[in-house]
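Structure assessment
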Amino acid sequence: MPDLLQEIDEWGPEKVVCVSDARTGMRGVLVIDNTARGTGKGGTRMSPTVTVGEIARLARVMTWKWAAVDLFHGGAKAGIFADPASPDKERIVRAFARRLADQIPASYVAGLDMGMTEQDAAIIQDELGDRGAAVGVPELLGGVPYDQLGVTGHGVAEAAEAALTRQGRSIAGARVAVQGFGAVGAAAARRLHELGAQLVALSTIDGSVHDPDGLDVPKWLEARAEFGDACVAKASAAQRVPRGEELLVDCDVLIPAAGQDVIDEAMAAKIRAGLVVEGANLPTTPGARELLAEREITVVPDFIANAGGAIAAGFAMDARHSPFRPEPTAILAEVAERTRNNTVLVLDTADRSGLLPHEAALDLAKQRVRTAMELRGRLPRPA
C-alpha cells in the first residue's frame, strides 16, 4: 500500500480520517482535499472495493470540479468499505455518520455516490440530527431529486451538443454510444434522444447492446426502470455484443459513464468515435488521452462534462436549511448553461494553447484554487 503521506502535495489532501465500528463491521474514510474555496463537498460511496487511495483521487477531482464550474465549495470525498446490498446497510451508514460526527457538517457535507441512495442521505441527517449534514435526500424531505432530474447525465448530453456545435456539426442524427446505463448514462441518453441524437449502443454490468440502426431509447429506459442492469438480457441475440464492444462501435460520440480507467492506450487505439465525452470520473488514462489527441479525437474532460451533479448540489447546499424546495427547471437550466459554457471555454483554450483539454481544464481550475489559497494566506512561503 502506498504511503499517503508521500502523496500529499501543495493542494492537499488537508485531512484524511479513517473510521471503523467493531459492532457493525463498518470501515470508512473521509478525505478532505482542499477547502480554499469553501467547505469540503463531495459524494459518499459504498463499495466492497473502496480504498483510501481511490477516495483521495476522487476528492482531488472534486477540488477541480468545484473550481472549474466556479462554485464555492472545496474538494472532498468519502467512502464506506461495505456491500451496498447488505441487509445491515442502515446500521453501517448510521455507524459511519456517528464516527464522523466531529467532521459532518462542520468540515464535510455528505452526498450521494456509487452504492448510496437518497434514503441513505436521509439516514445520515437523521443520525446526526442535522438537516445540514447531507444533501441528496428525498424530495419529500426538501431535497433535490438528482436521479429523477438526471442532472449529471443532462449536463453530459449538453456538453456533447456544445462540443459538436463548436465543430460545426448538429446533435440531431448524431450516433451515440453510452457505456454504463445507470443514473448518468440513462439520463444522458434520454436528453440526447430529446435533442434528436441516435443511440446506437449501451451497456450495463450485465452486458452490452449494439444496433447500428439505432436503439429505441424510451423502450430501453422503461426496461431499465423495470429490470435494472439486467435489462440488457431483454435484447435480441442479434443486438447482444461482448462487454467492452460498446466502446468500439462506429459512432460520432462516445460517452464512458461507468467506471474508472476503462479506456487505456490499447482501447484508445481502437475507438472509432470522433468525440469522447467523459460521463464517469476518471474513465480515461493519461496515455489514452495522449493517443486520442494524436488521432484527433476530441475529449471533453470528466470534471467539465459531468459537473451537473456538482452544480445541482450547489442548489441543494443552499436548500438544506430552507423551507422552500429548489425549482427543478432552474437547476436544469443552470446545469445546461454552465456545462455548455465550460465545455466551449476548455476546448477553445486547449486549441489556443496546444494543451490537451484535460490540461487546459486543470490549468483553469488550478488558477482559481491557487488564487483562493493566496488570498487566504495558504500558499507556501518562498524559500
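Per an unreviewed UniProt entry, the chain carries the name Glutamate dehydrogenase and comes from Saccharopolyspora antimicrobica. Quoted verbatim from the Sequence similarities (unreviewed entry) field of the UniProt record, the comment on the chain reads "Belongs to the Glu/Leu/Phe/Val dehydrogenases family."

Topic: the domain arrangement of the chain
In terms of domain boundaries, the chain breaks down into domain 1 (4–63 + 75–143) and domain 2 (149–305). Here the C-alpha centroids of domain 1 and domain 2 sit 28 Å apart. Between domain 1 and domain 2, the contact holds 6 residues from the first and 5 residues from the second. Taken as a group, Arg-57, Leu-58 and Val-61 account for 82% of the area that domain 1 buries against domain 2, more than any other trio of residues on that side. Applying the counting rule to domain 1 against domain 2 returns 1 salt bridge. The partner of Arg-57 in a salt bridge is Asp-261, with the nearest N and O atoms 3.5 Å apart. Taken together, domain 1 and domain 2 are joined by 0 residue pairs in polar contact (both at pLDDT 80 or more). The element that contributes the greatest number of residues to the side of domain 1 that touches domain 2 is helix 1 (residues 52–68), accounting for 4 residues.

Quick word on the UniProt feature "site: Important for catalysis" (unreviewed entry) in the chain
Following the UniProt record, the feature "site: Important for catalysis" (unreviewed entry) maps to Asp-113 here. Residues in contact with Asp-113, not counting those within four places in the same chain, are Gly-43, Thr-44, Arg-45 and Lys-77. Engagement of the side chain of Asp-113 in a polar contact is seen with the side chain of Lys-77, the distance being 2.5 Å.

A word on helix 1
Across its 17 residues, helix 1 extends 24 Å between first and last C-alpha, which sits within 8% of the 24 Å expected from 1.5 Å per residue. With 15 of 17 residues buried, helix 1 is to be regarded as a mostly interior element. Backbone geometry just after helix 1 places Asp-70 at a positive phi near 60 degrees.

About the thresholds
- Residues numbered from 1 in each chain as written.
- Predicted model: local features only at pLDDT ≥ 70, side-chain atom pairs only at ≥ 80, totals over all residues.
- Heavy atoms only, no water.
- UniProt positions renumbered as here; feature names shortened; annotations may be inferred.
- Domains from an automatic or database assignment.
- Contact = heavy atoms within 4.5 Å.
- Buried area = accessible area lost by both parts, 1.4 Å probe.
- Salt bridge = Lys/Arg side-chain N within 4 Å of Asp/Glu carboxyl O.
- Polar contact = N/O pair within 3.5 Å; in protein donor to acceptor, adjacent residues only side chain to side chain.
- Helix = DSSP H or I, 4+ residues; strand = E, 2+ residues; numbered from the N terminus.
- Expected span 1.5 Å × (residues − 1).
- Buried < 20%, exposed > 50% of the residue type's maximum accessible area, 1.4 Å probe, protein only.

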